[in-house]
There are 2 protein chains.
Amino acid sequence: MSGKARIAVVGYGNIGRAAADAVLEAPDMELAGVVRRNPQDRAGIDPEVPVVGDVAQLGRVDVALLCVPTRQVPETAAAYLSKGINTVDSYDIHGELVNLRRQLDEIGRAHDAVAIISAGWDPGTNSMVRAMLEFMAPRGITYTNYGPGMSMGHTVAVKAIPGVRDALSLTIPAGQGAHRRLVYVELEPGADFETVKQRILEDPYFRNDETRVMQVEAVQPLIDMGHGVRIERKGVSGRAHNQMFFYDIRINNPALTAQVMVAAARASLRQKPGAYTLLEVPIIDFLTGDREALLRRLV
Amino acid sequence: MSGKARIAVVGYGNIGRAAADAVLEAPDMELAGVVRRNPQDRAGIDPEVPVVGDVAQLGRVDVALLCVPTRQVPETAAAYLSKGINTVDSYDIHGELVNLRRQLDEIGRAHDAVAIISAGWDPGTNSMVRAMLEFMAPRGITYTNYGPGMSMGHTVAVKAIPGVRDALSLTIPAGQGAHRRLVYVELEPGADFETVKQRILEDPYFRNDETRVMQVEAVQPLIDMGHGVRIERKGVSGRAHNQMFFYDIRINNPALTAQVMVAAARASLRQKPGAYTLLEVPIIDFLTGDREALLRRLV
């Protein structure tokens, strides 16, 4: 491939916006354009960036960053791979990702394209850390503690409850992989808070966790995209017990997801056709620059 | 390859002992034996483990774990690779490892064998973390803070000074990648403490760091193989600043080095002939077990 990799951003929500930023900051990439359902909507997009309804309008595209809702990822990835375009997604349904990998692996091989799936921070770089800690201390227990930060999945679940105009669900770490939920709800006129609260407490997303529900006048002023995680492992290396490992991050959530997707786009251009999780790609492939220079600086 | 991988441990100091333990604990490996200069010395080795002076006496060997002093690694690795045996080392001369990789890459390709170099915790798994943090936040600064723990290199430097019978140099993190050195010396009869102290303070290993030198009656009772590291990065993902990352470990030093070497031995059996650093090997290759089951559990 000559020159810079041409990247399309598919979908333009929080992650799509952050992905466009990360592509524009990458020295080895150029933003081919944005693909979205309504290409007339150019709000917040630089006038020089093409916005289209069909990727074919963008000319050569090497990698598509799929910034669409997670349930649309399988179908969208299949469509792009079938055109011979590499794909990167941040698919986050843990129980389904092995099936997605199998499906996309077949399509990628058939069309000489590469898919890198679940390329966010969890699943994603957190998965890489969990796997590393496991080979560093093969016996032991790992806890992944999320937060404090906004849970997209839990927030969407609350918003679906009748009478809720807007909502925010925060995940608060309670230790050893347990979590507390703080739910802020803004109600429709006439809705009954106690009824909504009961619905939330009985919802499968919440009923196993300690949950506090609070009514507020307005949810939007509370929203902050910061998030965090603390991964802990205590384990055994060889016959040495009490090996202690901690990994802590405090980050802007969509910005980190998007940056990992951009690194995975680069890595996709260095893999053979097929589908990969981040665990299956050498770390150096996510980085730009001369390989020996990277090794001298980082190893 | 049918059955378990057969592993030889070459050299039997602190790391060799820990490596034998880690091989014995690995479900997919068996300890072919120990290779050492004096095979009559069986102190601390299980009677069932063969101890030999030449690896040819061990029958089939798939991987040799080179637990020899770092300066002997290039020559020892070349000799084993030339026999078609994979090698893993924990070579720790940062400035030279790119050259070592080139040399061993050529020899490995010529003899259908794989070398994984610098497979400890630094260089090694710390290098993997540094590289990950860099693709997660491409702009920013990473600090690697070592300790508190015993520095092998600094301890050896002190022991080489005339008048020193035994020594221990501790590395204490002083923040932002700077370190303080605490040096405990046990003197030969008649040696002058002030003279020894001046030699230490002027030594290239110490002269750039704040160093405290203390005389003790006996060094051995002070020695503890625990060590630690804290890697910190503050950086930018896309256009989001102030992304914060911390990685902290508190570990038995030779046990972790040995465990990483054992994981790298496993990974070596899954690479094409040549030489690799840990950054060039997919993380999943370091783990044992069914690949999809690993992905289900860890991603």
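Residues numbered from 1 in each chain as written. Chains lettered and ligands numbered in written order. Predicted model: local features only at pLDDT ≥ 70, side-chain atom pairs only at ≥ 80, totals over all residues. Heavy atoms only, no water.

(A) The arrangement of the confidence of the model for chain A in detail. Chain-level pLDDT for chain A is 96 on average; 99% of the residues reach the 70-or-more range. With a pTM of 0.96, the predicted complex shows an ipTM of 0.96. (pLDDT = per-residue confidence, 0-100.)

(B) Molecular detail of the interface of chain B and chain A. The interface of chain B with chain A comprises 63 residues on the first partner and 63 residues on the second. Interface of chain B and chain A: buried area, both sides summed, is about 5700 Å²; carbon and sulfur atoms make up 64% of it. Ranking the residues of chain B by area buried against chain A places Phe135, Arg239 and Val299 of chain B at the top, with a combined share of 13%. Our count for the chain B to chain A interface comes out at 14 salt bridges. (Contact = heavy atoms within 4.5 Å. Buried area = accessible area lost by both parts, 1.4 Å probe. Salt bridge = Lys/Arg side-chain N within 4 Å of Asp/Glu carboxyl O.)

(C) Summary view of the nonpolar core. Leu65, Ile116 and Phe135 of chain A together with Leu65, Ile116 and Phe135 of chain B are the most contacted members of the largest nonpolar core, which totals 168 residues. Those residues in contact with Leu65 of chain A, other than ones at most four positions away along the chain, are Ile7, Ala8, Val9, Val10, Ala19, Val23, Val88, Met261, Val262 and Ala265 of chain A. (Core = buried A, V, L, I, M, F, W, Y, C linked by side-chain atoms within 4.5 Å. Buried < 20%, exposed > 50% of the residue type's maximum accessible area, 1.4 Å probe, protein only.)

(D) Structural view of the sheet that holds strand E7 (residues 139–146) of chain B. Across the sheet, which stays open at both edges, the six strands sit in the order E7(A)-E12(A)-E13(A)-E13(B)-E12(B)-E7(B) with antiparallel pairing between neighbours. With one partner strand each, in any of the chains shown, strand E7 (139–146) of chain A together with E7 of chain B form the two edges of the open sheet. Neighbouring strand axes in the sheet, compared pairwise and without regard to direction, differ in orientation by 10° on average. Pairing between strand E13 (residues 240–252) of chain A and strand E13 (residues 240–252) of chain B: seven bridges, direction antiparallel. Its bridge partner lying in E13 of chain B, Met244 of chain A is registered against Arg250 of chain B. Contacting E13 of chain A together with E7, strand E12 (226–237) and E13 of chain B, helix H4 (residues 125–136) of chain B runs over the sheet at an angle of about 15° to E12 of chain B. Strand contacts of helix H7 (residues 253–268) of chain B: strand E12 (226–237) and E13 of chain A together with E12 and E13 of chain B, with the helix running at about 105° to E13 of chain B, the strand carrying the most contacts. (Pairing = 2+ DSSP bridges. Helix = DSSP H or I, 4+ residues; strand = E, 2+ residues; numbered from the N terminus. Axes fitted to C-alpha atoms, helices over the stretch in contact; angles between N-to-C directions.)

(E) Quick look at the relation of the copies chain B and chain A. At an RMSD of 0.0 Å, chain B and chain A line up after a rotation of 180° and a shift of 0.0 Å along the axis. The superposition of one copy onto the other is thereby described by a two-fold rotation axis. Mapped onto chain A, 100% of the interface residues of chain B are again interface residues, and the two copies thus contact each other with one and the same surface. (Least-squares fit on C-alpha atoms with pLDDT ≥ 70 in both.)

(F) The arrangement of the side chain of Ser169 of chain B in detail. Looking at where Ser169 of chain B falls in the secondary structure, it is placed in strand E9 (residues 164–175). Beyond its immediate stretch of four places on either side in the chain, Ser169 of chain B contacts Gly149, Met150, Ser151, His154, Thr155, Leu182, Val183 and Phe206 of chain B.

(G) Spatial organisation of the domain arrangement of chain A. All names here are of chain A. Under the domain assignment, chain A is made up of domain 1 (5–123 + 253–293) and domain 2 (139–237). The partner domain 2 presents eight residues to the five residues of domain 1 that form the contact. In total, domain 1 and domain 2 occlude about 500 Å² of area from one another, counting both sides; carbon and sulfur atoms represent 62% of this. Broken down residue by residue, the surface that domain 1 buries against domain 2 is led by Trp121, Asp122 and Asn253, which jointly contribute 74%. Applying the counting criterion to the domain 1 and domain 2 interface returns zero salt bridges. Between domain 1 and domain 2 we count two residue pairs in polar contact (both at pLDDT 80 or more) in total. Split into classes, the residues belonging to the side of domain 1 that touches domain 2 amount to two nonpolar, two polar and one charged. (Domains from an automatic or database assignment. Polar contact = N/O pair within 3.5 Å; in protein donor to acceptor, adjacent residues only side chain to side chain. Nonpolar A, V, L, I, M, F, W, Y, C, P; charged D, E, K, R; others polar.)

(H) Broad picture of the packing of aromatic side chains. In the structure shown here, the tally under the stated rule is two aromatic pairs over all chains. Ring geometry for Phe135 of chain A and Phe286 of chain B: centres 4.6 Å apart, planes at 20°, overall stacked. Taken together, the positions of Phe135 of chain A in helix H4 (residues 125–136) and Phe286 of chain B in the loop between strand E14 (274–276) and helix H8 (291–298) put the pair across two chains. One exposure class covers both Phe135 of chain A and Phe286 of chain B, and it is buried. (Phe/Tyr/Trp six-rings, centres within 6.5 Å; stacked < 30°, edge-to-face > 60°.)

(I) Highlighting the sheet that holds strand E10 (residues 178–187) of chain B. Residue and element names in this part refer to chain B. Overall, mixed pairing links the four strands, which are arranged E8-E9-E10-E11 in an open sheet. The open sheet has two free edges, formed respectively by strand E8 (149–150) and strand E11 (210–215), since each of these has just one partner strand. Where E10 and E11 come together, six bridges link them in parallel fashion. Looking across to E11, one finds that Arg180 is bridged to Glu210. Where helix H6 (residues 193–202) meets the sheet, it contacts E9, E10 and E11, and its direction lies at approximately 155° from that of E11.

(J) Up close: helix H7 (residues 253–268) of chain A. Compared with an ideal rise of 1.5 Å per residue, which puts 16 residues at 22 Å, H7 of chain A spans 22 Å between its outermost C-alpha atoms and is within 8% of the ideal. Between a side-chain oxygen at the N-terminus of H7 of chain A and the backbone nitrogen of Ala255 of chain A the separation is 2.9 Å; the capping residue is Asn252 of chain A. (Expected span 1.5 Å × (residues − 1).)

(K) How the structure looks around the pairing of strand E1 (residues 5–10) of chain B. All names here are of chain B. Taking burial as the measure, the six residues of E1 include six buried ones, the bulk of the element. The alternating pattern of E1 places Ala5, Ile7 and Val9 and Arg6, Ala8 and Val10 on opposite faces, both of which are buried. Taken together, the six bridges between E1 and strand E2 (residues 29–35) define a ladder with parallel strand orientation. Within the sheet, the bridge partner assigned to Arg6 lies in E2 and is Glu30. In the classification by handedness, the crossover that spans E1, the intervening helix H1 (residues 14–25) and the parallel E2 is right-handed. Where E1 lies against strand E4 (residues 63–66), four bridges are found, and the strand directions are parallel. For Val10, the partnering residue across the bridge sits in E4 and is Leu66. (Right-handed = clockwise from strand over helix to strand, strands pointing away.)

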